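# Summary of structural features
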Amino acid sequence: MGGKRQIYKWGDRKKILLLSIIFFSLIAGITLTLSTPSDTVVYVASNGSGDFNCDGTDDQVEINKALAYVAENPQFTTVRLQGPNTYVISNSVYIGSDTVLEGDPTVVIKLEDKAGWPLEKPLITQMDSAGNNNIVIRGFEIDGNHDNNNEKSRGKGYYNLINFLNCENIKVHDIYMHDSHGDGLKVIKCSGIQFYNNRVYKLGHDALYAIYSSNVEAWNNKITCRTNSGLRVYNTNHVKFHNNIIDSEGEGGAGIEIQKIGPSTVMNDIEICNNLLYETNAAGVWITGYGSGYSKDSARDIYIHHNKFYKSGINPGADWAGGIVLNGFQNTLIENNKFEGCYGAAIAHKQVTEEFLAPGTGYTTLVRNNIIMNTRFSPAAGEGYAIYNKLENTHSFNLENNCLSNNAGGNYLGASSTSDIEADPELAAKLNKNESLGEDFPWIEAMSAGPQTPYEIDESRIPEGQGEDFKSSLQRIFSEFLRSLKRFFLSLSMQSDEIENFKIALPFIISDNRLRQEAPNMTLSENEYIDIGKKSDGGIYRGVILFDLNSFNQTDRIEKATLSLFWYYPENQTRTKDTVLEVYRPVKWCEEHVTWQQRETNIPWKNSGGDWYDRNEVFQGSTPYATVTISGDEIPDNRYYELDITELIQEYASEKHENTGFLIKAREEDGNYIAFYSSNWQDKSQRPKLTIEYA
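Computed from a predicted structure; not experimentally measured.

## Describing the overall build of the protein
Secondary structure summary: the protein contains six helices and 53 strands in total. Evaluated residue by residue, the protein yields a buried proportion of 53% over its 695 residues. Considering only residue pairs separated by 6 or more positions, the protein has 73% of its internal contacts joining residues 24 or more positions apart. Surface accessibility of the protein: about 30,100 Å² in total, with carbon and sulfur atoms responsible for 48%.

Right, here's the structure in full:
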């Protein structure tokens, strides 16, 4: 029987092999038909197969030879870097006019260790100092190698990744750029700039910085800020920033920065729309006009619409935290945006420092048809106002038909409205749950503003004329399909039956809530910590946490799941007893209303402090799914503590049980109080996380 099964197995493989040959022949023929003619491309490689071949040292030499060859021979258009390979450069890469510099997805251009370059020397720049035109850079990774060049300061102009001066028609797209000292793309006195489909992570300055430029557009970028802003323009006009996702990890400045100084330039055509500004360190959008006197006609008509601002302004020491902070621009229109959980104020007129003093008076901002909810207190930025006018002598708001709900400091300071609406409790609950409210809902556009999840980029909104043409699109699709088929058939040819495992982290929590015995009817979902155990002079504390597991299904094989909690309190004192953390499967609860007494509004727990099932399916049982002991003699040691919850995640993924999250408690609740950072904590690297290995 075993022999027959083996014969059938190899017979199936022969069939698969024949089918694969047919597939490859068909796809290769189509791809060759659609592809760019090979005589227009110059190849750079590291394995001897290229027209120019690198050796891993001073790789810019061969890359620049290839780019020079294309510049000197107009029948060539493209230099393609072949991967997988890391091209280490010790000098700049120079690109000329009418040239495409592209790479395989497995290609990295990396700054060498201890480069010691002078100020304003970039990794990639123009060939002609007077300017070049019609340049495309796409498809590979740029590693600024920050940590191995730490003798230089960030944000001072060292090691900008891409830099152009006096150039026209620049496209930078589908690039992963990260860990630099300076800007991602910096353009000065340029026009026709398109920056799209890029992933930008923790640069040393702005992801895109346009200075004295025009016709600048950025879309479908995912940017995590570190030192300054995500997208920034300085004395630049005809700008559109849309469909971007910008956040921070507790560092950096504003998500988007619009800056005008003096009378030398006009800025009256700037649009910011359909972006998600998520947990930016300072303002989600900062707009400032300042310096010597200028006409209001030269700084006006910024249009901000259909954006989502979520927990913008997480830095408690930043006076310019919040959703939108602005001064010095006339007739700014802010409409159909959703502001949720911003710090200090959702929208504010402020002068950030003495330097940013706007000339003159009489600046007005129109704010209409926005949803502004759950604005939070910030020690430096404000009590949590919907609208905050700190410049009443020089600036004013016109407020029309905004929907306001649960703003900690109140709806207005230095402003007022006769047409704004305060949401009633029923509407507020629906807003908090992001429920569909029907086409007749007055703020329906604001409800759907921005991307709908923190890491979703809506690529369908690339404007007409800026997407791929039909031929390029088909070429890309077939190329991706071919690579997928190759990976598939390679896996079939392997002798082992091993399944590839993937490790993923789920950093976003639907909710984590404190259950506090001494506040039995209070929902505690906004604190920056989760506490467990019992104080010697107080009540009992427990926590419930819910992660989104919708990306898994019954066919996924969960190999390992780990819940990690970052212990931070009590900082400098021991406890009278050990704290033994235990994880149970709670009865379904509502994140907006759960308390010590109730799991949902008017639906109490059967047992105060939460109902649960243990590992043996026993209601209120005492056999936890996971446990970890923290000695009473220990104090926080700046690290995560891990709980192996594999079995519970397997039950959720297989749909044996509905995902109701985790209930965390101490085994003995007496004299063993400790606290961990929650999902509201400002430093993302210390929040609760769930790590899952699955096949």
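## Some remarks on the sheet that holds strand β20 (residues 231-234)
The twelve strands are arranged β5-β8-β11-β14-β17-β20-β23-β26-β29-β32-β35-β38 in an open sheet whose pairing can be described as parallel. With one partner strand each, in any of the chains shown, β5 (93-95) and β38 (410-413) form the two edges of the open sheet. Between one strand axis and the next, the sheet turns by 10° as a mean value, whatever way the strands run. In this sheet, strand β29 (residues 324-327) lies alongside strand β26 (residues 285-290) in parallel orientation, the contact comprising four bridges. In the sheet register, Ile 287 faces β29, and the bridge partner there is Leu 326.

## Some words on the pattern of salt bridges
Overall, the coordinates contain 30 salt bridges when judged by the stated rule. Residues Lys 222 and Asp 247 are paired through a salt bridge, measuring 3.2 Å at the closest nitrogen-oxygen approach. One end of the pair, Lys 222, is in strand β19 (residues 222-225); the other, Asp 247, is in strand β22 (residues 245-248), and 25 residues separate them in sequence. We note a salt bridge from Arg 687 to Glu 279, for which the minimum N-O separation is 2.7 Å. Linking Arg 687 in the loop between β52 (674-677) and β53 (689-694) with Glu 279 in the loop between β25 (276-278) and β26, this pair joins segments that are 408 residues apart in sequence. In this pair, the class of Arg 687 matches that of Glu 279, namely buried. Three or more residues are tied together by salt bridges with common partners; here these are Arg 80, Glu 102, Asp 104 and Arg 138.

## A word on the nonpolar core
Core analysis: the largest hydrophobic core is formed by 86 residues, its most contacted members being Phe 164 and Ile 258. When residues in this core are grouped by element, the largest group, four residues, is from helix α2 (residues 60-72). Once residues lying within four places of it in the same chain are set aside, the contact partners of Ile 258 are Val 233, Phe 241, Met 267, Ile 270, Ile 272, Trp 286, Ile 287, Thr 288, Ile 302 and Phe 329.

## Thoughts on the confidence of the model for the protein
Averaged over all residues, the pLDDT of the protein equals 86, while 86% of them reach at least 70. For residues 30-37, every residue scores under 50 in pLDDT, and the model assigns this stretch nine contacts once sequence neighbours within four places are set aside. Below a pLDDT of 50 lies the segment residues 482-501, which in the model reaches 22 contacts outside its immediate sequence neighbourhood of four places, other chains included.

## Side note on the packing of aromatic side chains
Aromatic ring pairs are defined here through the distance separating the ring centres and the angle between the ring planes. Under the definition given, this model contains 24 aromatic pairs. On the basis of an interplanar angle of 80° and a centroid distance of 5.0 Å, the ring pair of Trp 286 and Phe 356 is categorised as edge-to-face. You can see Trp 286 sitting in strand β26 and its partner Phe 356 sitting in the loop between β32 (345-349) and β33 (363-368), a full 70 residues away along the chain. Each member of the pair, Trp 286 together with Phe 356, is buried. Aromatic rings pair up to connect Tyr 541, Phe 566, Tyr 568, Tyr 569, Tyr 640, Tyr 673, Tyr 677 and Trp 681 into one cluster. Over the ring of Trp 117 we find Lys 121, and its NZ or CZ is 5.3 Å from the ring centre.

## Structural notes on the side chain of Glu 62
With respect to the helices, strands and loops of the structure, Glu 62 is situated in helix α2. In this structure, Glu 62 is buried with no salt-bridge partner, the nearest side chain bearing the opposite charge being Lys 65 at 5.3 Å. Sequence-distant contacts of Glu 62, that is, excluding residues within four places in its chain, are made with Val 44, Phe 52, Asn 53 and Cys 54.

## Examining the pairing of strand β18 (residues 214-219)
With five bridges connecting them, strand β15 (residues 191-196) and β18 associate as parallel partners. Bridge assignment links Phe 195 to a residue of β18, and that residue is Ala 218. As paired elements, β18 and strand β21 (residues 237-242) share five bridges and run parallel to each other. Paired with Glu 217 across the bridge in β21 is Lys 240.

## As for helix α6 (residues 646-653)
In terms of residue burial, α6 counts as a mostly covered element, since six of its eight residues are buried. If you check which residues of α6 are buried, you get Thr 646, Leu 648, Ile 649, Glu 651, Tyr 652 and Ala 653. Those residues of α6 that are buried are in contact with β44 (558-569), β45 (579-586), β50 (640-644), β51 (662-666) and β53. With its phi angle positive at about 65°, Glu 655 sits one or two positions after the end of α6.

## Structural notes on the side chain of His 395
Tracing the chain through its elements places His 395 in strand β36 (residues 395-400). Residue His 395 is classed as buried on the basis of its relative accessible area, which comes to 4%. Only 3.1 Å separates the side chain of His 395 from the backbone nitrogen of Gly 328, close enough to count as a polar contact. If we ignore the near neighbours within four places in the chain, the residues touching His 395 are Asn 327, Gly 328, His 349, Ala 358, Tyr 363 and Asn 389.

Reading guide: rules and limits
Think of each chain on its own: its residues are numbered from 1, step by step along the sequence as written. In keeping with the predicted nature of the model, local features appear solely for residues at pLDDT of at least 70, side-chain atom pairs appear and are counted solely at 80 or more, and the whole-chain, interface and lining totals rest on all residues. Only hydrogens and water are set aside when side-chain values are computed; all heavy atoms of the structure are taken into account. Runs of E in the DSSP output that reach at least two residues are strands. Runs of H or I that reach at least four are helices, and both are numbered from the N terminus. We call a residue buried when its accessible area falls under 20% of the maximum for its residue type, exposed when it is over 50%, and partly exposed in between, using a 1.4 Å probe and counting protein chains only. Should any heavy atoms of two residues lie within 4.5 Å, those residues are counted as being in contact. The accessible surface values rely on the Shrake-Rupley method and a 1.4 Å probe; as for residues, cover is taken only from the protein chains in view. Here, any two strands with at least 2 DSSP bridges between them count as paired. Orientation is described by lines fitted to C-alpha atoms, with helices fitted over the stretch in contact, and by angles between N-to-C directions that extend from 0 to 180 degrees. Between Lys or Arg on one side and Asp or Glu on the other, a salt bridge is scored when a side-chain nitrogen of the former is within 4 Å of a carboxyl oxygen of the latter. Here the nonpolar core consists of buried residues drawn from Ala, Val, Leu, Ile, Met, Phe, Trp, Tyr and Cys, with membership extended through side-chain atoms lying within 4.5 Å. Per-residue confidence from the prediction method is given by pLDDT, with values spanning 0 to 100. When the centres of two rings from Phe, Tyr and Trp lie within 6.5 Å, Trp using its six-membered ring, the rings pair. Their planes under 30 degrees apart give stacked, over 60 give edge-to-face, and anything left gives tilted. For a Lys NZ or an Arg CZ to count as sitting over a ring, it must be within 6 Å of the ring centre and within 35 degrees of the ring normal. In this tally, Lys and Arg are treated as positive and Asp and Glu as negative; His is ignored, and so are the chain termini. Nitrogen and oxygen atoms within 3.5 Å of one another constitute a polar contact, given that in protein one can donate a hydrogen and the other can accept it, and given that sequence-neighbouring residues count only through two side-chain atoms.

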